[in-house]
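# Descriptive analysis of the structure
Now for the letters of each chain:
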Amino acid sequence: MLVHDEDQRLLADAAKGFIQEKAPVAALRKLRDEKVADGFDRDLWRQMAEMGWTGILVPEEAGGLGFGFVGAGIICEEMGRTLTASPFLSTAMMAATAVSRAGSPAQKERWLPAIAAGETIIATAIDEGRKHAPEKTALKAEVSGNGFRLSGAKTYVADGQVADAFLVAARTAGSAGETKGISLFLVDSKLAGVSSERVVTLDSRGAAHVSFDNVQITGADVLGEIDDGLGLLEIVLGAGRAGLAAELSGNAQESFGRTVDYLKERKQFGRTIGAFQALQHRAAHLFSEIEIAKSAVLGALQALDADPAGAALAVSLAKSKAASVARLAAQEAIQMHGGIGMTDAIDIGLFAKRMQVASELYGDADFHADRVALARGF
Amino acid sequence: MEALDQFRRDTRAWLEANCPAEMRVPVRGDDDICWGGRNWVFKSEAQRVWLERMAARGWTVPAWPREYGGGGLSHEEVTILKQEMAAIKARSPLESFGIWMLGPALLAFGSHEQKLEYLPPIARGEIRWCQGYSEPNAGSDLASLQTRADDGGDHFVVTGSKIWTSYADKADMIFCLVRTDFSAAKHLGISFILFDMTWPGVSTKPIMLISGKSPFCETFFDGVKVPKANLVGTLNRGWDIAKYLLTHEREMIGGGGGGLLGGRSPGQLAAQEIGVGDDGRLADPFLRVDMARAEVDALAFALTMTRYKDEAASGGRGVGDKSSVLKYYGTELNKRRYELMMRAAGTQGLEWEGARTNDGELPRGWLRTKANSIEGGTSEVMLDIVAKRLLQLPSA
């Protein structure tokens, strides 16, 4: 059934209540205006951990909720409505998926309870250029002693400015562009040779460019299979992409809702502007697009719960659709608000800024439409 | 769950034993569809047998109550039946406006006697119906219709004309909106009546379309005498039925009824016809980009239909005004689909007659889709409904 079940509905109500109260858009403004270097509020993150959200994808035996991707997506969607800054996507979704699926017993013991408790932040470090392209990984991991030596750099690592560890895609064989020869490593951010340069980002959250200069790691830091990490990375990215799609859906719904409210309020030429058919039809079209995107997002989250390795098409469908719909929502929100939509005083611009970041991360609408077409045979 | 599993096993076994092999081949064109009716000539013995067997179980209308010719199945059982039919590629035994539109309206608004009289023959495919809604000067402003039904004592006298009456020339009966009160507000003087297309005063004339053929007719009523027992629901409140029925129709048109959005996507067809490069991508980059976007939208739209139906089923209600979203989006998508297929076909899409192109099936289909955003309420009317009813935006 392509609807939420009873438990998921209860979670949605709880998430909405908590996020609206603790992390409204004003909280993001505060982070930005006070130039909080972390790019998120650690006290809020602690409270999210107390709610169990940091462990939503961590299995119950490791101290998590084991609630599933639909639940994680519900939280992302609600955070998308208020532009909540947190390491939820990187840590509670992507890292938890990576370690719980492919971690050794020792890795699971070390990382999963810490993720569930909200005590550790793990950022995924993949891309090395401007556009998302996992198979173009060039960062080298050479065998050294009983482990590996990493050298290379990663661009725009989300939450990289606060990460305790990085999930790093590196090349153990082959060359950039080949799907074989990529391996994944869990690398402590305090190791010698790891350095990050904080990036002040469009969405006021923060990311980092991270360099690995002959960083020595051990064989115990390998996550999954050597040379064959792309499959696992795909699943981890699937979690991140679906989470971003859910967030984009929430972003679009909220900026659209605010726009419709404005159309009912604002008067020009002696009439409420929402009575103008030119605006009504554009609003109705956008509503339809948002409805279509919501279905794609729920489809992807359910597909991940059913079979994470087989969900690639559903996930790309959701990310492509949600990214293009959220872009349309942002454009229409600014245009329909008129001049005031361009001011920093109201929140509409903040939704557009986060939309741009969430759309770009882990593949934009074009990247994912291309994957959908390939999966469909053309 | 055990009862549903048993139902699935029984259904599978019954279909396996009773669905003729010829009825497990995909429909190739309109000619393969069974519409039924008094004058229906079955295309094959298999088509006749398949309809008879399905109707005997009430499975032409599986969700309707048994006493009215239906199967009395639950929502879950209907879903299982559809899945099992799809699994063996079984054709629909019967397509009919009686099933899609009149039946649901009678179930909701008809008297017990009317249900007993009309529903079982619909379920068995014995009466073919047409819909008398649109009028030449009403168009999208449907409620301004002028066909009149004057009081003749124990009967109405119907005078006026309808347009875009699908298959009026092949239908046995019509469900028709008529004005019974000219002094009331335009929505409040309309009634919903049923009568026979063979009765004196009824005539039809086909309308030729840009596609070179058409199911549409003009329909004329010149003093047709209709017994008052043929009024459905309350006098002058036919608009309630019309609205209810339009919701069904929009859901159906937007939701892929009548073959819309059926079959393979333009990208998949183009991959087969034009071919793909070593990288698996269609060689024409401009075409591929547009097709990829359409593919995303079509897949996400299909999920939306599923979501709406699941929401409706779990909430115990219909899709309601959201059917306007499906109608708007689905029909615009179908037009895009045909535009893309015409681009992929190149000059082959320009052939109008001849066996090679099945008499220009593609360009005729392309032209036919242009009506998708007009019939059953234009896209603009759908957007008005979304804006006013779902978004609650103010009226001018």
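Residues numbered from 1 in each chain as written. Chains lettered and ligands numbered in written order. Predicted model: local features only at pLDDT ≥ 70, side-chain atom pairs only at ≥ 80, totals over all residues. Heavy atoms only, no water.

Definition in use: UniProt positions are given in the numbering used here, feature names are shortened, and annotations may be inferred rather than shown by experiment.
Chain B carries the name Acyl-CoA dehydrogenase in an unreviewed UniProt entry, which gives Phreatobacter aquaticus as its organism. Quoted verbatim from the Sequence similarities (unreviewed entry) field of UniProt, the annotation for chain B is "Belongs to the acyl-CoA dehydrogenase family." Regarding chain B, the relevant UniProt record gives this comment under Cofactor (unreviewed entry): "FAD".

As annotated in an unreviewed UniProt entry, chain A carries the name Acyl-CoA dehydrogenase and comes from Phreatobacter aquaticus. According to the UniProt record, the Sequence similarities (unreviewed entry) comment for chain A is "Belongs to the acyl-CoA dehydrogenase family." Quoted straight from UniProt, the Cofactor (unreviewed entry) entry for chain A says "FAD".

## Things to note about the overall build of chain A
Applied cut-off: By the criteria applied, helices consist of DSSP H or I runs no shorter than four residues and strands consist of E runs no shorter than two, each listed in order from the N terminus. Put simply, the radius of gyration uses C-alpha atoms, and a globule should come to 2.2 Å times the residue count raised to 0.38. The buried label goes to any residue with under 20% of its type's maximum accessible area, the exposed label to any with over 50%, and the partly exposed label to all in between, with areas taken from a 1.4 Å probe on protein chains only. Positive charges come from Lys and Arg, negative ones from Asp and Glu, while His and the chain ends are left out of the count. To locate a charge, take atom NZ for lysine, CZ for arginine, CG for aspartate or CD for glutamate.
Within chain A one finds 11 helices and 10 strands. Relative to the 2.2 N^0.38 estimate, which gives 21 Å for 378 residues, the radius of gyration of chain A is 21 Å and therefore close to what a compact globule would have. Seen through its C-alpha atoms, chain A measures out along the principal axes to roughly 80 × 50 × 40 Å. Expressed as a percentage of its 378 residues, the buried residues of chain A come to 59%. Of note, chain A has its 39 positive side-chain charges centred 6 Å away from the centre of its 48 negative side-chain charges.

## Topic: the overall build of chain B
Spelled out, the test is: Throughout, a residue-residue contact means that at least one pair of heavy atoms, one from each residue, lies within 4.5 Å. Only the protein chains shown count as cover for residues, and the accessible areas themselves come from Shrake-Rupley with a 1.4 Å probe.
Scanning chain B from N- to C-terminus turns up 11 helices and 8 strands. Computed over C-alpha atoms, the radius of gyration of chain B comes to 22 Å, within 12% of the 21 Å expected from 2.2 N^0.38 for 396 residues, which places it in the range of a compact globule. Seen through its C-alpha atoms, chain B measures out along the principal axes to roughly 75 × 55 × 45 Å. Within the span of chain B, comprising 396 residues, buried residues form 49% of the whole. The long-range fraction of contacts in chain B, counting pairs at least 24 apart against all pairs at least 6 apart in sequence, stands at 70%. Approximately 18300 Å² of chain B is accessible, and the part contributed by carbon and sulfur atoms is 53%.

## A word on the UniProt feature "domain: Acyl-CoA dehydrogenase/oxidase N-terminal" (unreviewed entry) in chain B
UniProt marks residues 45-126 of chain B with the feature "domain: Acyl-CoA dehydrogenase/oxidase N-terminal" (unreviewed entry), using the numbering shown here. End C-alpha to end C-alpha, residues 45-126 of chain B measures 16 Å, and it is 62% helix and 0% strand.

## Description of the domain arrangement of chain A
Residue and element names in this part refer to chain A. This is how the line gets drawn: Boundaries of every domain are those given by an automatic assignment or by a domain database. We define buried area as the total accessible area lost by two parts upon association, computed with a 1.4 Å probe and summed across both. Between Lys or Arg on one side and Asp or Glu on the other, a salt bridge is scored when a side-chain nitrogen of the former is within 4 Å of a carboxyl oxygen of the latter.
When its domains are assigned, chain A resolves into domain 1 (6-120), domain 2 (123-228) and domain 3 (231-375). Taking only C-alpha atoms into account, the centre of domain 2 sits 30 Å from that of domain 3. Contact with domain 2, which involves 17 residues of that partner, is made by 17 residues of domain 3. Summing the contributions of domain 2 and of domain 3, the shared interface buries around 1400 Å²; its carbon and sulfur component is 69%. When residues of domain 2 are sorted by the area they lose upon contact with domain 3, His 132, Leu 202 and Asp 203 head the list and together hold 35% of the total. Applying the counting rule to domain 2 against domain 3 returns 4 salt bridges.

## Side note on the packing of aromatic side chains
All names here are of chain B. Quick reminder of the rule: Two rings belonging to Phe, Tyr or Trp (six-membered ring only in the last case) form a pair when the distance between their centres is within 6.5 Å. Interplanar angles under 30 degrees mark stacking, angles over 60 mark edge-to-face geometry, and anything in between is tilted. Two limits define a charge over a ring: the Lys NZ or Arg CZ must be within 6 Å of the ring centre, and within 35 degrees of the ring normal.
Throughout the structure, instances matching the rule amount to 20 aromatic pairs over all chains. Each member of the aromatic cluster is reached from another via a ring pair, and the members are Tyr 118, Trp 129, Tyr 133, Phe 175 and Phe 192. Above the plane of the ring of Trp 59 lies Arg 57, whose end atom (NZ or CZ) is 4.4 Å from the centre. For the cation-ring pair, Arg 128 lies above Tyr 167, with the distance from its terminal atom to the ring centre recorded as 4.7 Å.

## Some words on helix α1 (residues 6-22) of chain A
All names here are of chain A. The test is simple: Expected helix span is taken as 1.5 Å per residue step, with the number of steps being one fewer than the number of residues. This arc describes the spread of directions from the helix axis toward the C-beta atoms.
The first and last C-alpha atoms of α1 sit 24 Å apart over 17 residues, in line with the 24 Å expected at 1.5 Å per residue. Along α1, the residues that are buried comprise Gln 8, Leu 11, Ala 12, Ala 15, Phe 18 and Ile 19. When α1 is viewed along its axis, its buried side chains cluster within an angular range of 145 degrees and face the same direction. For α1, exposure combined with an orientation more than 90 degrees from the buried face picks out Leu 10, Asp 13 and Glu 21.

## A short note on the nonpolar core
Quick reminder of the rule: The set of buried Ala, Val, Leu, Ile, Met, Phe, Trp, Tyr and Cys residues whose side-chain atoms join them within 4.5 Å is what this entry labels a nonpolar core.
One finds A:Trp53, A:Phe88 and A:Tyr362 to be the most contacted residues of the largest nonpolar core, which totals 137 residues. With residues near it in sequence (within four places) discarded, A:Phe88 still touches A:Trp45, A:Met48, A:Trp53, A:Ile56, A:Ala72, A:Ile75, A:Cys76, A:Met79 and A:Met93. Among the nonpolar cores identified, the runner-up in size contains 38 residues, and B:Trp129, B:Tyr167, B:Met173 and B:Phe192 belong to it.

## Examining the layout of surface pockets
The following threshold applies: Here a cavity means grid points, on a 1 Å grid over the protein atoms only, where a 1.4 Å probe fits yet cannot get out; a pocket means an open set of points with protein on both sides within 12 Å along at least five of seven lines; lining residues are those with an atom within 4 Å of a point. Grid points are joined across faces, edges and corners, and a volume is the space filled by probe spheres set on the points. In the scheme used here, Gly and all other residues not listed as nonpolar or charged are polar, with Ala, Val, Leu, Ile, Met, Phe, Trp, Tyr, Cys and Pro taken as nonpolar and Asp, Glu, Lys and Arg as charged.
If you add up the space inside the second largest pocket, you get close to 500 Å³. Lining the second largest pocket are 24 residues, with A:His4, A:Glu77, A:Lys294, B:Arg307 and B:Glu311 sitting closest to its centre. Listed by contribution, the elements that provide at least two residues to the lining of the second largest pocket are α1, α4 (69-82), α7 (230-265) and α8 (277-306) of chain A together with α8 (285-315) of chain B. Sorting elements by how many residues they give to the lining of the second largest pocket places α4(A) first, with 6 residues. For the lining of the second largest pocket, the class distribution of residues is 9 nonpolar, 5 polar and 10 charged.

## Things to note about the interface of chain A and chain B
Put simply, the rule reads: Any N or O atom pair separated by 3.5 Å or less is treated as a polar contact, with the protein-specific requirement of one donor-capable and one acceptor-capable atom, and with residues adjacent in sequence counted only for side-chain atom pairs.
Taken together, the contacts link 39 residues of chain A with 44 residues of chain B. Summed over both sides, the interface between chain A and chain B buries roughly 3600 Å², with carbon and sulfur atoms accounting for 66% of that surface. Together, A:Ile292, A:Arg376 and A:Phe378 form the three largest contributors to the area buried by chain A at its contact with chain B, with a combined 20%. Seen at the junction of chain A and chain B, the total is 7 salt bridges. Among the salt bridges present, the one from A:Lys321 reaches B:Asp297, with a minimum N-O distance of 2.6 Å. Seen at the junction of chain A and chain B, the total is 22 residue pairs in polar contact (both at pLDDT 80 or more). Listing elements by their share of the side of chain A that touches chain B, those giving two or more residues are α7, β10 (271-272), α8, α9 (312-337) and α11 (365-375) of chain A. Element by element, the count of residues in the side of chain A that touches chain B is highest for α8(A), at 15 residues. Across the side of chain A that touches chain B, the residue classes break down as 20 nonpolar, 10 polar and 9 charged.

## Focus: unusual backbone geometry
All names here are of chain A. The backbone of Ser 204 sits at a positive phi, close to 65 degrees, despite the residue not being glycine. Position of Ser 204 relative to the elements: it lies in the loop between β6 (194-199) and β7 (207-218). Judged by its relative accessible area of 17%, Ser 204 is buried. Residue Asn 214 is not a glycine yet carries a positive backbone phi of 50 degrees.

## Re the pattern of salt bridges
All names here are of chain A. The tally for this structure, following the rule as stated, stands at 61 salt bridges over all chains. One salt bridge in this structure joins Asp 38 and Arg 42, with 2.8 Å as the shortest N-O distance. What makes Asp 38 partly exposed here is its relative accessible area of 24%. By relative accessible area, Arg 42 is classed as partly exposed at 42%.

## Some details on the UniProt feature "domain: Acyl-CoA oxidase/dehydrogenase middle" (unreviewed entry) in chain A
The UniProt record marks residues 136-215 of chain A with the feature "domain: Acyl-CoA oxidase/dehydrogenase middle" (unreviewed entry), using the residue numbering of this structure. With 0% helix and 57% strand, residues 136-215 of chain A has its two end C-alpha atoms placed 21 Å apart.

## Structural notes on empty space enclosed by the protein
All names here are of chain A. For the structure shown, the criterion picks out 3 cavities of 30 Å³ or more. Of the volumes computed, that of the largest cavity is approximately 280 Å³. Looking at the largest cavity, it is lined by 27 residues, and the ones nearest its centre are Ser 86, Leu 89, Asp 159, Arg 205 and Arg 354. Of all the secondary structure elements, the ones that give two or more residues to the lining of the largest cavity are α4, α5 (88-102), β3 (147-158) and α10 (348-360). In terms of residue class, the lining of the largest cavity is made up of 14 nonpolar, 7 polar and 6 charged.

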